[in-house]
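# Architecture and fold: a report
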Amino acid sequence: MRISFAAVVFACCLAASMRTETAQDHSLDIVLPTDNDALYSEDGPAFYQYIERDYNGVKSTPWEGGQYGFVRDPKETSGGVGYTRFHEGIDIRCMHREPNGEPLDEVRAIADGKVVHVNLMPGYSNYGKYVVIEHRWDGSNYYSLYGHLSSIAVQPDEPVRRGQRIGVMGYTGTGINRERAHLHLELCLMFSRQFEAWYDTFFRNDPNHHGRYNGMNLTGLDVARLYLKLRKNPGLTISEFLNDEEAFYKVAVPKARHFDLPQLYPWMLAAGKRKGGSWEVSFARSCVPLRIEPSDRPVAQPELTYVRKASTDYSYLTRDIVAGHQGNAHLTSYGAQLMRLLTWPD
C-alpha cells in the first residue's frame, strides 16, 4: 500500500498534537520526595528539619524554621518581633542513617517530568548539589528543585517518572552539617526565559552557573500547603491553588515584546482584557506572581502601584523588593531590577 507524503505529514502533526494535548492535560499528581510522610499527620517536628537559631543570646532549634515562608531571622520591628528572612521551600527531615550518622534517605521525583538542570558543584550554590525537574501541568511549566543532595542519579534532558529515584539526601551547601542533613524541596514558577541576558547585564562579575534555572529566576510556592490541599481536592490546579493567595503588592511594567510571564502562565492574564498602556502584575508576599491585568497607567520603567498597609518596613515583608513605610513605599533597587526581568530586554 502506497502512503502519500501528505498523509505522513498529517499523521506526524496529529501525533505531535496529541502529545502536546496529553502534556497540557496532565493532572497535578504529586508525591512526597522521601519516605518522610509526617506532613500528613501534622507532626511538624517529625517532618521539618529544625534550624539553629541564636536570637538575643538565646539559642534554640525550632522546627518551624524548616517550613515555607517568613520563618527565619527574627528581628524586633515597630510591629513586634517579625521573621524577616524568607524560606522558599521546605526542609524535610532525614529518616534513615548509617551507624556513623550519614543520611541514607532516597530522594525521588515528585511527579513525571524532565530533568533540566543538575548542579554537581556544591560551591556553586547555597543549595549544594541539586536537581531541577520541569513538569507540565495545564499548559504551563513548573519546576521542582531538590537541594543539599549527597549524590545525584539523573542527568540533564533525562525524562523521569513520578516516584523515580533521583539522588540521595545529604548536607551539601552552605551552613549545614551532618546532624542537620535534609532535603530542601521547592516547587517554582519561572519569571522569564530571557533570564541569562538580564543576569549578565546586572551581575556580570558573578558567574551564573545555572542558566535560566538560577534560583533568582525561580519563585517558589507553598508546596507543603499544596500537598495538603491536594489530599482534600485531588483535582486542584496550581492556578486554583494560587487564587487563594492575597495580592500584597502590585507593579506596573511597560508593554513590551518580551513580556514572558503571560506566555509562560496564561492563566494569570485577566480573561478578555488586553488593552492598556502597561501591565499591572500582582504579587504575593513571597514574590510569586498571581495575576496580570492591563492598566491605563503609562510607565517607562517598573513602578509600584499598590502595597497592602503595614506598620513594619516593607523590606522585611517582601524579601527586600519593596521598602519604606505606609505612604512612602517604593521598589528597592533590587526590586526594580527584578521587575525589569519580566520584560527584558525592554
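Residues numbered from 1 in each chain as written. Predicted model: local features only at pLDDT ≥ 70, side-chain atom pairs only at ≥ 80, totals over all residues. Heavy atoms only, no water.

### Section: the overall build of the chain
The following threshold applies: Elements are defined by DSSP. Helices are runs of H or I of four residues or more, strands are runs of E of two residues or more, and each kind is numbered from the N terminus. With the radius of gyration taken over C-alpha atoms, the globule rule is written as 2.2 Å times the number of residues to the power 0.38. To sort residues, take the accessible area from a 1.4 Å probe on protein chains only and compare it with the maximum for the residue type: under 20% means buried, over 50% means exposed, and anything in between is partly exposed. Surface accessibility follows the Shrake-Rupley procedure with a 1.4 Å probe radius. Residue values consider only the protein chains on display as shielding.
The number of helices and strands found in the chain is seven helices and 19 strands. Relative to the 2.2 N^0.38 estimate, which gives 20 Å for 346 residues, the radius of gyration of the chain is 21 Å and therefore close to what a compact globule would have. Burial analysis of the chain (346 residues in total) assigns 49% to the buried set. Within the structure as shown, the chain displays about 16,800 Å² of accessible surface, and the carbon and sulfur contribution to it stands at 48%.

### A few points about the packing of helix α3 (residues 195-202) against helix α7 (residues 333-341)
Test applied: Angular values range over 0 to 180 degrees, each being the angle between N-to-C directions of two axes fitted as lines to C-alpha atoms, with helices fitted over their stretch in contact. Put simply, angles under 35 degrees are roughly parallel, angles over 145 are roughly antiparallel, angles from 65 to 115 are roughly perpendicular, and the rest are oblique. Note: crossing handedness is left-handed where the near helix turns anticlockwise from the far helix by less than a right angle, and right-handed where it turns clockwise. Should any heavy atoms of two residues lie within 4.5 Å, those residues are considered in contact. Residue classes follow a fixed rule: Ala, Val, Leu, Ile, Met, Phe, Trp, Tyr, Cys and Pro count as nonpolar, while Asp, Glu, Lys and Arg count as charged, and any other residue, Gly among them, counts as polar.
Two elements in contact, α3 and α7, have axes separated by 10 Å at closest approach and are oriented at 150 degrees. Classed by the angle they form, the pair α3 and α7 counts as roughly antiparallel. In the crossing of α3 with α7, the sense of the turn from one axis to the other is right-handed. Residues F195, W198 and F202 of α3 pack against Q337, L338, R340 and L341 of α7. Taken together, the residues that form the contact of α3 with α7 break down as five nonpolar, one polar and one charged.

### A closer look at the side chain of D91
Looking at the element boundaries, D91 is found in strand β5 (residues 90-93). Look past the residues within four positions of D91 in its chain and what remains in contact with it is F47, Y48, Q49, G66, R72, H182, L183 and H184.

### Topic: α7
A turn of α-helix holds 3.6 residues, and therefore any two residues three or four places apart point the same way. Note the cut-off: Taken from the helix axis, the directions to the C-beta atoms give the arc we talk about.
For α7, every residue scored as buried is listed here: G335, L338, M339 and L341. Take α7 and look down its axis: the buried residues cluster within an arc of 140 degrees, on one side only. The secondary structure elements touched by the buried residues of α7 are α3, β14 (249-254), β15 (278-283) and β19 (330-331).

### Re helix α4 (residues 223-232)
If you check which residues of α4 are buried, you get V223, A224, L226, Y227 and L230. One face of α4 carries all of its buried residues, which in axial projection span an arc of 160 degrees.

### A few points about the state of the cysteines
Here is the rule: Counting rule for disulfides: a pair of cysteine sulfur atoms within 2.5 Å.
All told, the structure shown has zero disulfides when counted by the stated rule. Its sulfur unpaired, C287 is 11 Å from the next cysteine sulfur, which belongs to C188. Judged by relative accessible area, which is 2%, C287 ranks as buried.

### Here we look at the nonpolar core
To keep things clear, this is the line we draw: Among buried residues, those of type Ala, Val, Leu, Ile, Met, Phe, Trp, Tyr and Cys that are joined through side-chain atoms within 4.5 Å constitute a nonpolar core.
If you look at the biggest cluster of nonpolar residues, it comprises 89 residues, and the most contacted ones within it are Y146 and Y249. When residues of this core are assigned to their parent elements, the largest contribution, six residues, is made by strand β12 (residues 182-190).

### Side note on the confidence of the model for the chain
Here is the rule: Confidence of the prediction at every residue is given by pLDDT, a number between 0 and 100.
On average, residues of the chain score 90 in pLDDT, and 91% of them reach the 70 mark or higher. Every residue in residues 1-25 is under pLDDT 50, and counting partners more than four places away or in other chains gives seven contacts.

### Remarks on the packing of aromatic side chains
Heads up, the condition is: The pairing test for Phe, Tyr and Trp rings, Trp by its six-membered ring, is centres within 6.5 Å, and the orientation test on the planes gives stacked under 30 degrees, edge-to-face over 60, and tilted for anything in between. The rule for a charge over a ring is simple: NZ of Lys or CZ of Arg within 6 Å of the ring centre, and within 35 degrees of the ring normal.
This model, assessed by the stated rule, comprises 17 aromatic pairs. Taken together, a centroid distance of 5.9 Å and an interplanar angle of 55 degrees make the contact between Y143 and Y213 tilted. Taken together, the residues Y143 in strand β9 (residues 140-152) and Y213 in the loop between α3 and β13 (218-220) connect sequence positions 70 residues apart. Pairwise contacts between aromatic rings join F195, W198, Y199, F202, F203 and W344 into one cluster. Over the ring of W279 we find K255, and its NZ or CZ is 4.5 Å from the ring centre. Sitting above the plane of the F70 ring, R285 keeps its charged end 4.0 Å from the centroid.

### Some thoughts on the side chain of E88
Keep this limit in mind: In protein, a polar contact means a hydrogen-donor-capable atom and an acceptor-capable atom, both N or O and within 3.5 Å, with residues adjacent in sequence counting only if both atoms are side-chain atoms; elsewhere, any N or O pair within 3.5 Å suffices.
Tracing the chain through its elements places E88 in the loop between β4 (80-87) and β5. For E88, a relative accessible area of 10% gives the class buried. Within the local environment of E88, its side chain forms a polar contact with the backbone nitrogen of G220, the two atoms lying 2.7 Å apart. Of note is the side chain of E88, whose polar atom sits 3.1 Å from the side chain of R319. Setting aside chain neighbours within four positions, we find E88 in contact with Y68, E186, L218, T219, G220, L221 and R319.

### Here we look at the sheet that holds strand β17 (residues 303-307)
Defined as follows: When DSSP locates at least two bridges between a pair of strands, those strands are taken to pair.
Strand order across the open sheet formed by four strands is β16-β15-β14-β17, with antiparallel pairing between neighbours. Every other strand in the sheet has two partners, leaving β16 (289-295) and β17 as the edge strands with one partner each. In this sheet, adjacent strand axes meet at a mean angle of 25 degrees when their direction is disregarded.

### Regarding the pattern of salt bridges
Put simply, the rule is: Any Lys or Arg side-chain nitrogen located within 4 Å of an Asp or Glu carboxyl oxygen qualifies as a salt bridge.
A full pass over the atoms with the stated rule returns 14 salt bridges. Three or more residues are tied together by salt bridges with common partners; here these are D35, E106, R108 and R165.

### Some words on a nonpolar patch on the surface
Which entries qualify depends on this criterion: A residue counts toward a patch only above 30% relative accessible area and without a salt bridge, and it is joined to like-charged neighbours within 9 Å or, for Val, Leu, Ile, Met, Phe, Trp and Tyr, to nonpolar neighbours within 5 Å.
Together, L120, M121 and Y124 line one region of the surface with nonpolar side chains, adding up to about 310 Å² of accessible area. Relative to the helices and strands, L120 resides in the loop between β7 (113-119) and β8 (129-137).

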